[in-house]
Structures are given as structure tokens and as C-alpha cells.
There are 2 protein chains.
Amino acid sequence: MNSNKWFTEQMLSTGTAFSLKIKEKLHEEQSDFQHLEIYDTETFGKLMVIDGCTMVSTRDNFFYHEMMSHPALFLHPNPKRVWIIGGGDCGTLREVLKHKNVEEAVQIDIDERVTRLAEIYFPELCESNGDSRADLKFIDGIQWLKDAAPNSVDLIIVDSTDPVGVAEGLFGEAFYRDCVACLAEDGMLIQQSESALLHLDLIKDMRSAMQTAGFSHQQTLFFPQCIYPSGWWSGTIASKAELIFRAEDCANKDFDTIYYNLDIHHAAMAQPEFFKKAFA
Amino acid sequence: MNSNKWFTEQMLSTGTAFSLKIKEKLHEEQSDFQHLEIYDTETFGKLMVIDGCTMVSTRDNFFYHEMMSHPALFLHPNPKRVWIIGGGDCGTLREVLKHKNVEEAVQIDIDERVTRLAEIYFPELCESNGDSRADLKFIDGIQWLKDAAPNSVDLIIVDSTDPVGVAEGLFGEAFYRDCVACLAEDGMLIQQSESALLHLDLIKDMRSAMQTAGFSHQQTLFFPQCIYPSGWWSGTIASKAELIFRAEDCANKDFDTIYYNLDIHHAAMAQPEFFKKAFA
């Protein structure tokens, strides 16, 4: 098959666009919250698009899902209770559940349709949805955090879309205050934080709001993510306590990964020179 | 200015495309070797395009130029004689000349027009062209290597276009044999080696040919490069001797960089899990 159709995400604010060659559009719908599309691509497997933005592809989602879960999980002394805010494609949930010490993983995505489509088009990402430790809720994550009791979670993973529309309330001091309030003393948050090349101001604002909200430590991680703008993505960790890496547990991990390992953990923590200067 | 013009590099073989929003095309010519275009972009400064492929932008060239020079230079015990094959935009040359122990840096690019255009549109990359240690030759790099005497160079940097057309002869055993023949015993080669996500087979072929040609050690480095396919690029080092990192010299470097530093050096050397398995 050699059509000449492409799916293109044009980002006018950054002056960049990324395209994947597609075989066909498999599905399109307007959910209660977002516009959802599924494509079959020539070289990246299936592609999910939300509100015009590439979200997840079969071929390269491992970067994002592994890096949003394993580094934080190995930086926590003993993460038993994990909440995923967003993450409706269930790929982060699958990675989290690879950790045997995790006793409870709650995925809170407002849009059930994302998960229902993932079950059809990305079944491999949903293979742990039936795990007895998994709990999938389709409610508002912001409200969930507001209502949460103190010391009720060890790790919060904010696996959301960009900070516009439905995800806007996930990037800001009020949200971080709610996270601080329900996290255990040694708890932490990791949030996808866009591209350090294209969105440095956003990362500055995020880290500053995290600090003000009561997270005394921040650490930004860097990793490739080909289908996202610039191809170079980041996640930012915020914690009340200092991060201590369980390096031996990481080196001896008893599960498979495609990108992440001990050396990649350290690599992701390395701060580029311009980034160090921006936060000096 | 808010035109709706884009420059797009479509890579049919990988099913991906990358675009930058442009203000205007500043220049276009067919040189004796390649089709050259210069654009003024909305957000990435100037952009040079060779044979339809994005080559260098004002905004993000620092990743590539720093990572093709500093890691290799700090992995060599005392690099005095450096040859750059290709590199006509002079950005790699500028980085190489930041190292005071370099006594001679010869840039051998077959296409003088690339350098003449860089002087006009990327003057900052050409700011060391007048350095007394710099020697710019506009001849065939493959022939130059064939004619070179034994033990005449410490580091060869292959800063070329993709392995098609004029650069094809730079990716193969015959070329690597010529490199082995003219490098000092502790000498090394670094060559841009495309994207580990999109071109793993090419990296396999390169490393295998390097090995057969007499380079007993290979090490692939990973770094972001937004305007290249997948946004995640690599360089592969080949050497006869084992690599020994001058970490203290790197930590105490007396020049500025935008991306590279001691931590980033180690980060670039980290091998992703799938990559380790591919070369196990």
C-alpha cells in the first residue's frame, strides 16, 4: 500500500509540524470531552490523535510510557499506591504494574472513550487492565485530587494532554497544592512537561508553581519522543523529600523494557547546559 | 509576519515528515554537487536545506555540532590533528577549535558553495574560520583519505549528509579502511549515524563495517536533533584503542556550550535497552 496521505500535527505556536504517512483513518468521534481519531500509519503502527495532536503510536509509545513511570518508581523508597491522572491509553498503567511493590494503581481519566479505543486499537497497552491491583476510573482527576484524604498516595503520575482545554487545570499551583495535600511525606509527583527546546517557559512556570505549592525538590527528566513536537520530551518530578535512587533495584529489575535501564535512568537525569543555566 | 508557508522534508522511506513554518525563501541554487536552499523560518532562525533535506537551523544546530565534536575530543588522550569530512557549514569546525590542544583542524567538504552560503546566512558558525589552526579545503574527502599518509591524523569527524548521493562513499568498509590507515594508533573516528529508532539497520551495517575494517571498539552516542527525522540522532565512534574519557578536562572545560557538559557526556553514552540487545 502506498497512498500519499499524511496525518500532520501543525503547531503554530512553535512553528513546527510533524507528519506520519497513513494508510487510512480507522475511526473518528467527538467524545464528551475531545475530538478523537485513530489512524493506521505506514511505519508507526496505529496512531491516536486527540484534538488534532498526536498522542500515542504503536511504534514509539514505549519512550514516553517507560519514562513517565520507571524513573519515578525507582526514585521512591517504596511506592505502594500510585495514581495516574489522565493516561487513558493505559500504557503508563501497564508500566506501573510491572513493579511488584505497587499494591494499587488507580487510573483517573475523564474520558472513558480514550480507554475504550485503546482497548480496540492498542490492546498491548491495555494488557494489564485486568490486574487485580488496577482500578480504572472515568471521572475528573482534578476533583479526585481535591477530595483525596491526606497521606493517601505515594506517587501521582500526571499523564495528560498539553496544558490547554481539558488538561489546563493540571498545570498550576492550585493543582499542585492538592497533590501536596494528599501525598505521603515521602511521596512524589511526575508530570509530562513538554519540550525543553520549545516550551522552556512552561517548564519554568511549572517548577516555580511546584515550589510555591510545597514541593521543595524538582527534577526534570529528558527522553526522546519522536511523535511529539521537537522529538525531545520531558517529565518533571516534584517531591517533598530528597530523591534517593534505588539503583540496585533498577539494575536488578525483573521486567522487560524497550528503552529504560540503569544507564538510561542516569542519562535522563542529566541536565543540558542551557537548562542548568535557566534554573541556576 | 504570519504567512502560511511551510518547508517540509518528507521521508518516504521512514513514513515521517518534519516541517518548519517559513517567512520566505532567501536563496536557492544548484551547485556542482547538490541542490541548496536557504529559508528564513518563523521560529528556528535560518534553515539550510540540501537536496530537500533539512541540514542546519540557527536555533537547534548546537545539539549536533557540540555532540559531533566534544565527546570524541574528550575521549581522545590528546587530539592535536583533526579532520572534518563534510561539515561545510563550519559549525563542527567552530566547536573543534574551542579545544586548545587542537593544533590543526582541516575541514574537507567537496562543495564550497555550502561554506559560502554559511558565511552569509550562518555567520556565527563561521566565526572561527579565520583561526590560524583552521584549514578549509573544497575537495573530495574520500580521495583525501585515500591519499593520506599513515599516522597523519588523531580524530576524523564525518559530518556528512545522509548515505545517498555525494555522501554514499563515506558509509562503508572501504572508507573505514582508509581511515584506519591514516589514523594514529590512539586515533578515532566519529560519524553521524542517523536515528536509532528509524535507521537501526544502517547503524548495524556501519558498526559491522567499522569492525571489519580494523576498528576494534565502537560506541554510539545519542542526542536530540529536532530538525532531523525522529528528532533523536546519533553519532558512532570507532577506535583502534579503548576509549578513555578525560572526565576532569571535560568538567573543567574553559569554553561555553549550550547542550554539552560532563553529565550530558555520560548521558549520550547510555545505550537504550533495545539498542543493547541489537548489539549483544
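Refer to the structure printed above.
Calculation criteria
- Here, residues in each chain are numbered from 1, in the same order as that chain's written sequence.
- The lettering of chains begins at A and the numbering of ligands begins at 1, in the order of writing.
- This being a predicted model, a pLDDT of at least 70 is required before a residue's local features are given, and a value of 80 or more before pairs of side-chain atoms are given or counted; all residues contribute to the totals for chains, interfaces and linings.
- Neither water nor hydrogens contribute to the side-chain values; these are computed over all heavy atoms in the structure.
- Two cysteine sulfur atoms form a disulfide, by the criterion used here, when they sit within 2.5 Å.
- Buried means the residue's accessible area, taken with a 1.4 Å probe over protein chains only, is under 20% of the maximum for its type, while exposed means over 50%, and partly exposed covers the values in between.
- Strand pairing follows a simple DSSP-based rule, namely that at least 2 bridges must link the two strands.
- By the criteria applied, helices consist of DSSP H or I runs no shorter than four residues and strands consist of E runs no shorter than two, each listed in order from the N terminus.
- Comment: axis = line fitted to C-alpha atoms, over the contacting stretch for helices; angle = value between 0 and 180 degrees taken between N-to-C directions.
- Two rings from Phe, Tyr or Trp (for Trp, the six-membered ring) form a pair when their centres sit within 6.5 Å of each other. Planes less than 30 degrees apart are called stacked, planes more than 60 degrees apart edge-to-face, and all others tilted.
- By definition, residues are in contact when any of their heavy atoms lie within 4.5 Å.
- Throughout, buried area stands for the accessible area (probe radius 1.4 Å) lost by two parts on being put together, summed over both.
- Criterion for a salt bridge: a side-chain nitrogen of Lys or Arg within 4 Å of a carboxyl oxygen of Asp or Glu.
- Only Asp, Glu, Lys and Arg are considered charged, only Ala, Val, Leu, Ile, Met, Phe, Trp, Tyr, Cys and Pro nonpolar, and every remaining residue, Gly among them, polar.
- Alignment of copies: least-squares fit on C-alpha atoms of residues with pLDDT of at least 70 in both copies.

Draft legend 1. The arrangement of the state of the cysteines in detail. Residue and element names in this part refer to chain B. In the structure shown here, the tally under the stated rule is zero disulfides over all chains. Just so you know, Cys90 is unpaired, no disulfide at all, and the nearest cysteine sulfur is the one on Cys126, 4.1 Å from it. Since its relative accessible area comes to 0%, Cys90 is described here as buried.

Draft legend 2. View of the sheet that holds strand E9 (residues 153–159) of chain B. Residue and element names in this part refer to chain B. Here we have seven strands laid out as an open sheet, ordered E8-E7-E6-E9-E10-E12-E11, and mixed in their pairing. The sheet terminates laterally at strand E8 (134–137) and strand E11 (217–224), the two strands that pair on one side only. Sheet twist, expressed as the average angle between the axes of neighbouring strands with direction ignored, equals 15 degrees. As defined by bridge partners, strand E10 (residues 183–192) adjoins strand E12 (residues 232–239) across five bridges and the pair is classed as antiparallel.

Draft legend 3. Main features of the packing of aromatic side chains. Applying the stated criterion to the full structure yields 34 aromatic pairs over all chains. Here the aromatic rings of A:Tyr259 and B:Trp232 are separated by 6.1 Å at their centres, their planes lie at 80 degrees, and the arrangement is edge-to-face. Within this pair, whereas A:Tyr259 is found in the loop between helix H8 (247–251) and helix H9 (262–269), its partner B:Trp232 is found in strand E12, the two belonging to separate chains. Relative accessible area serves as the criterion here: at 7%, A:Tyr259 is assigned to the buried category. Measuring from centroid to centroid gives 5.2 Å for B:Phe7 and B:Tyr39, while their planes differ by 40 degrees, and the two rings are tilted. Of this pair, B:Phe7 sits in strand E1 (residues 5–11) while B:Tyr39 sits in strand E3 (residues 35–41), and the two are 32 residues apart along the sequence. An identical accessibility class is assigned to B:Phe7 and B:Tyr39; each is buried. Put simply, the rings of A:Phe62, A:Phe63, A:Tyr259, B:Phe222, B:Trp232, B:Phe274, B:Phe275 and B:Phe279 touch in pairs and so form one group of aromatic residues.

Draft legend 4. A look at the interface of chain B and chain A. The interface of chain B with chain A comprises 41 residues on the first partner and 41 residues on the second. For the pair chain B and chain A, the summed buried surface comes to about 3,200 Å²; carbon and sulfur atoms form 63% of the total. It is B:Trp6, B:Leu197 and B:Glu273 in chain B that bury the most area against chain A; as a group they hold 16% of the surface buried on that side. Inspection of the region where chain B meets chain A yields zero salt bridges. The element that contributes the greatest number of residues to the side of chain B that touches chain A is strand E2 (residues 16–30) of chain B, accounting for six residues. Class assignment for the residues of the side of chain B that touches chain A results in 22 nonpolar, eleven polar and eight charged. Direction of pairing for strand E2 (residues 16–30) of chain A relative to E2(B): antiparallel, over a ladder of five bridges. Of the residues in E2(B), the one forming a bridge with A:Ser19 is B:Ala17.

Draft legend 5. Examining the relation of the copies chain B and chain A more closely. Mapping chain B onto chain A leaves a residual RMSD of 0.0 Å; the transformation is a rotation of 180 degrees accompanied by 0.0 Å of translation along its axis. When the rotation and shift are considered jointly, the pair of chain copies conforms to a two-fold rotation axis. When the interface residues of chain B are mapped onto chain A, 100% of them again fall at the interface, so both copies present the same face.

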